[in-house]
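Structural features, examined
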Amino acid sequence: MADRVAQTVVTMYLEPEVEPLFHSDSYGYRPGRSALDAVASCRLRCQKTDWVIDLDIRAFFDSLDHDLVLRTVSKHTELAWVLLYVKRWLEAPLQHADGTISARDRGTPQGSAISPLLANLFLHYAFDMWLSREFPDVSFERYADDAVVHCVSKARAQYVLEAIGHRLAGLGLELHPDKTRIVYCKDDWRRGDHDHVSFDFLGYTFRRRAVRSKAGKVFDGFAPAISDSAAKAVRQQIRRWRLHHRSESSLVDLAKRINPIVRGWINYYGRFYRSWLARSLARINNYLVRWARRKYKRLTRHPSRSWLLLTGVARRSPALFAHWQIGVLP
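Just so you know, these numbers come straight off a predicted model, no measurement behind them.

**Quick look at the overall build of the chain**
A count of helical and extended segments in the chain gives 11 helices and 9 strands. Along the three orthogonal principal directions, the C-alpha set of the chain runs to about 75 × 55 × 35 Å. Nonlocal contacts in the chain, meaning residues at least 24 apart in sequence, comprise 64% of its contacts between residues at least 6 apart. When the accessible surface of the chain is summed, it comes to about 17,300 Å², and 51% of that surface belongs to carbon and sulfur atoms.

Below you can see the structure in the form of structure tokens.
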């Protein structure tokens, strides 16, 4: 508890000093910026440039060099107590689940109040400013250690990726060989093909999809929607609720229980290409129908009436469930 208070104090001291210096394409853990802002920027840039470098730094938070982190902090403060505390937090031993303790000579304490700021400060110099200086024609979005780099050609992307690999290796970091890749933003206007034509970024999958223009014309664009892994997690959470076993509860009770979580999904994963999220949210209706059959035994012999019952409720109270409000009706 004392460490968390001290870390918050140091963060409140350093943040006003470093925040104005951070790159405009850095989005992670910054006031007034969000992951959805990064996704929106990435979406627009994928429409303008054909190639993307999908970067993945292997075990970033476990691999940070303590001396380099302290050096970046010392650029922005000369207060001995700040540097001393940061050094102690970085070097604090790690206690495992079985109670054993091991020394730590690299990495930051994950989950601590100051780790996001230290990571941003390190990557500001290690990646953001370096990339802007060495490749001013290249744009990017970075959220903590998750980054996407946009290039105008495959050859340019290969050259930039090699340079990034060398840069990070010199800082004791490594690009994940299986998760880092060059992606072609394939759509109706881009000819040719490539081994990789999709990538995941902050819970969204960017790939070729049928989209509708403002004029109503349907075409294949390169657009983001909830990723398969995020959609699977949503469905698993819906299944864990076991709504069909809560026959003692009313629909109002069920709505109060799940609506805050569903609204969170809608606000985040429903920002772009909401229809893909709707496919997973439709599972809620299936469980509500099963709930009705358990609640009202007479419906067991007439399954179709369960849907009619739920449809009637949705017609009378369309705002009862959060997913009904966006058109995911029974």
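**As for the sheet that holds strand S7 (residues 199-201)**
Pairing within the open sheet is antiparallel, and its 3 strands lie in the order S7-S8-S9. At either margin of the open sheet sits one strand with a lone partner, and together these are S7 and strand S9 (218-226). Strand-to-strand, the axes of this sheet are offset by a mean angle of 50 degrees, without reference to chain direction. Pairing of strand S8 (residues 204-212) with S9 involves 9 bridges; the strand directions are antiparallel. Paired with Ala 210 across the strands is Asp 220, a residue of S9. Contacts between helix H2 (residues 35-48) and the sheet are confined to S7, S8 and S9, with S8 contributing the most and set at about 55 degrees to the helix.

**Some words on unusual backbone geometry**
Located in the positive-phi region is Arg 242, a residue other than glycine, with phi close to 50 degrees. Mapping Arg 242 onto the fold places it in the loop between helix H8 (228-241) and helix H9 (251-269). The phi torsion at Tyr 273 lies on the positive side, around 55 degrees, for a residue other than glycine. In this fold, Tyr 273 is placed in the loop between H9 and helix H10 (274-295).

**Focus: the pattern of salt bridges**
Scanning all chains against the criterion turns up 13 salt bridges. Note that Asp 128 and Arg 142 form a salt bridge whose closest N and O atoms lie 2.8 Å from each other. Of this pair, Asp 128 sits in helix H6 (residues 115-134) while Arg 142 sits in strand S4 (residues 139-143), placing them 14 residues apart in sequence. Both residues of the pair, Asp 128 and Arg 142, count as buried. For Asp 187, the salt bridge identified is with Arg 190, shortest N-O distance 3.4 Å. The two residues Asp 187 and Arg 190 agree in class, both being buried. The network of salt bridges with shared partners includes Asp 25, Arg 45 and Glu 141.

**Some remarks on the pairing of strand S5 (residues 146-151)**
Most of S5 is tucked away, with 5 of its 6 residues classed as buried. Here strand S1 (residues 51-56) runs beside S5; their pairing, made up of 6 bridges, is antiparallel. Directly across from Asp 54, in S5, lies its bridge partner Val 148. In the sheet, S4 pairs with S5 via 5 bridges, with the strands oriented antiparallel.

**Topic: a nonpolar patch on the surface**
Judged by side-chain polarity, Met 1, Val 5, Val 9, Tyr 13, Leu 79, Trp 81 and Tyr 85 come together as a nonpolar surface patch covering roughly 680 Å² of accessible area. Where the nonpolar patch is concerned, the elements lending two or more residues are helix H1 (2-18) and helix H5 (80-91). With 3 residues, H1 is the single largest residue contributor to the nonpolar patch. Among the structural elements, Tyr 85 can be located in helix H5.

**Some words on the packing of helix H4 (residues 66-74) against H5**
Between H4 and H5, whose axes approach to 10 Å, the crossing angle comes to 155 degrees. Classified by the angle their axes make, H4 and H5 are roughly antiparallel. As H4 packs across H5, the resulting crossing turns out to be right-handed. Between H4 and H5, the residues in contact are His 66, Val 69, Leu 70, Val 73 and Ser 74 and Leu 83, Val 86, Lys 87, Leu 90 and Glu 91, respectively. Looking at the contact of H4 with H5 residue by residue, the class counts come to 6 nonpolar, 2 polar and 2 charged.

**Examining the side chain of Asp 128**
Residue classification places Asp 128 among the buried residues on the basis of a relative accessible area of 0%. The residues contacting Asp 128, other than those within four sequence positions of it, are His 23, Ser 26, Leu 123, Phe 140 and Arg 142.

**What about a positive patch on the surface?**
Taken together, Lys 232, Arg 239, Arg 240 and Arg 283 make up a surface patch of like positive charges. In terms of residues, the positive patch owes the most to one element, H8, which gives 3 residues. Relative to the helices and strands, Lys 232 resides in helix H8. For Lys 232, a relative accessible area of 48% translates into the label partly exposed.

**As for the packing of aromatic side chains**
Both the distance between ring centres and the angle between the ring planes are used here to describe each pair of aromatic rings. Inspection of every chain in the model, using the stated rule, returns 19 aromatic pairs. Between Tyr 204 and Phe 272 the ring centres are 5.6 Å apart and the planes differ by 75 degrees, which places this aromatic pair in the edge-to-face class. A residue pair is termed long-range when its members are at least 10 positions apart, and Tyr 204 in strand S8 and Phe 272 in the loop between H9 and H10 qualify at 68 residues. As far as the burial class goes, Tyr 204 and Phe 272 line up, both buried. Measuring from centroid to centroid gives 6.2 Å for Trp 291 and Tyr 296, while their planes differ by 90 degrees, and the two rings are edge-to-face. Its relative accessible area of 29% is what places Tyr 296 among the partly exposed residues. An aromatic cluster is built from Tyr 204, Tyr 268, Tyr 269 and Phe 272, whose rings are joined through pairwise contacts.

Calculation notes
Residues numbered from 1 in each chain as written. Predicted model: local features only at pLDDT ≥ 70, side-chain atom pairs only at ≥ 80, totals over all residues. Heavy atoms only, no water. Helix = DSSP H or I, 4+ residues; strand = E, 2+ residues; numbered from the N terminus. Contact = heavy atoms within 4.5 Å. Areas by Shrake-Rupley, 256 points an atom, 1.4 Å probe, with all protein chains shown as cover. Pairing = 2+ DSSP bridges. Axes fitted to C-alpha atoms, helices over the stretch in contact; angles between N-to-C directions. Salt bridge = Lys/Arg side-chain N within 4 Å of Asp/Glu carboxyl O. Buried < 20%, exposed > 50% of the residue type's maximum accessible area, 1.4 Å probe, protein only. Patch = residues over 30% accessible without salt bridge, like charges linked within 9 Å, V, L, I, M, F, W, Y side chains within 5 Å. Parallel < 35°, antiparallel > 145°, perpendicular 65-115°, else oblique. Left-handed = near helix turned anticlockwise from the far one by under 90°. Nonpolar A, V, L, I, M, F, W, Y, C, P; charged D, E, K, R; others polar. Lys, Arg positive; Asp, Glu negative; His and termini not counted. Charge placed at Lys NZ, Arg CZ, Asp CG, Glu CD. Phe/Tyr/Trp six-rings, centres within 6.5 Å; stacked < 30°, edge-to-face > 60°.

Interpretation in functional terms is not warranted from these geometric data alone.
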